[in-house]
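# A closer look at the structure
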Amino acid sequence: MKRRTAVWTSGLVITVAIGLTYLFMTGERGLSRSSQPVRPLDITRLNEEKAASLGWRSDELDAVLNHAAKLSTDSFIIVTHDEVVAAFGDLTEPYATHSMRKSFLSALVGRHVGSGPGQISLGATLKELGIDDTPAPLTPKQRRATVLHLLKSVSGVNHPAAASGGLRADIDKRLGPVENEPGTIWAYSNWDYNALTTIFEERTGIGIAQAFQEGIAGPTGMEDFDIAAVSYVADADVSMHKAAAFRMSARDLVRFGQLYLNKGRIDDRQVLPASWIDRTANDFTETGMNGLRWGHGYLWWIPGPGTGLPEGTVWAWGLGNQALFVVPAWDTVIVHQSDTTEFLKRFLPLIENDGMEGEAAILQLVLSCREPENRSSTFCVEHRFLSRPEFDKLMSLVAKARL
């Protein structure tokens, strides 16, 4: 199979500088819309005939782009059959991907699955792998959890973790204060993913950054990624296991997504086992949530019925609605990014100093930008947080744009 490389320039694209009024559409409790200062953006889109040949409605693509431009979106791109259908923003600028790191980790684990030296056995237990924690140790039952349990977020381990943000309340609600039988309860717990990071590095002897650079970024032709794009988030007061955080550009995320579209193959090289990619789309757990987060497995999200996204779609998600959608039925990759630098300066103190839960802190910041005195501030125009309803609407508009 040929190597997938997105076409970034074409005589068929239309580039338009559009002054868009920045509107708030939180979708929460019927909040009214409020006009904001004009935000000029350069939008690139295929002409109507070419877009139609790739399965897209041109007028509905305009609705997608107009909505995305009204958000604090910094880069957005749709690529179908290797053609850039629509895009805006600097596609070369690396942004923090936050929890998208988990899907990158999944790919790395998939490259090293096996029972030999330097490989990772999915059936190995935490005890067999020598995995424990400090300052609070795991119990014998918790150490019966396997690598596969971690990948499927069903370890049942309720333990403090680095980089947990505002997840604590939901984890406690799902897992409770007592021990759980491994494999029986799904919970989106950063402890699972951080422990999996430790297991990967100990079993393979390779750091996450080097493994990604040599195993994925190089073979897929990523242009903006280097080893310095990976850093660790640690909190030794709660856990010995670290989170490996990534920064990545939109065009490099497209290449990662195309690796999954192409069943792990680049030119004549099998970079990622096709069977691993099939597992991602088919072996998942229903989360009890509706919409885009209906299912979850192998550190990817699965959209549910009614989202308009076809069966087989998987997506990676991170704080600020960083997103990478892989849609095999459309031969399409979609990337959405927002720079969360300014947002985190306001969000983290609400979590760490004021003790707020994540969703409550996010809602407070979203609503603060509706206040008349704040609407014209740089933060509210350029950096405010995208609410979940706004992002869900964006993806519903994408689905509506398909022929």
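Further up the page is the structure itself.
Residues numbered from 1 in each chain as written. Predicted model: local features only at pLDDT ≥ 70, side-chain atom pairs only at ≥ 80, totals over all residues. Heavy atoms only, no water.

### Some remarks on the sheet that holds strand 7 (residues 243-248)
- Pairing within the open sheet is antiparallel, and its 3 strands lie in the order 5-7-6. Both outer strands of the open sheet, strand 5 (95-96) and strand 6 (230-233), are each paired with one neighbouring strand and no more. (Pairing = 2+ DSSP bridges. Helix = DSSP H or I, 4+ residues; strand = E, 2+ residues; numbered from the N terminus.)

### A few points about the pairing of strand 7
- Where strand 5 meets strand 7, 2 bridges bridge the pair, whose relative direction is antiparallel. Across the sheet, Ala96 pairs through a bridge with Arg247, a residue of strand 7.
- Note that strand 6 and strand 7 share 4 bridges and pair antiparallel. Bridge pairing in strand 7 places Ser231 opposite Ala245.

### Points about unusual backbone geometry
- The step from Thr134 to Pro135 runs through a cis peptide bond, and the omega angle for that step is 5°.
- For Ser153, which is not glycine, the phi dihedral falls at a positive 60°.
- With respect to the helices and strands, Ser153 occurs in the loop between helix 5 (147-151) and helix 6 (168-175).
- Although it is not a glycine, Leu299 sits at a positive phi angle of roughly 70°.

### Observations concerning the packing of helix 3 (residues 101-111) against helix 9 (residues 250-261)
- Where helix 3 meets helix 9, the closest approach of the two axes is 12 Å, and the angle between their N-to-C directions is 45°. In terms of axis orientation, helix 3 runs oblique to helix 9. In this structure, the crossing between helix 3 and helix 9 has a hand that is left-handed. Residues Ser103, Phe104 and Ala107 of helix 3 touch helix 9, and the partners they reach there are Leu253, Phe256 and Tyr260.
- Among the residues making up the contact of helix 3 with helix 9, the classes are represented as 5 nonpolar, 1 polar and no charged. (Axes fitted to C-alpha atoms, helices over the stretch in contact; angles between N-to-C directions. Parallel < 35°, antiparallel > 145°, perpendicular 65-115°, else oblique. Left-handed = near helix turned anticlockwise from the far one by under 90°. Contact = heavy atoms within 4.5 Å. Nonpolar A, V, L, I, M, F, W, Y, C, P; charged D, E, K, R; others polar.)

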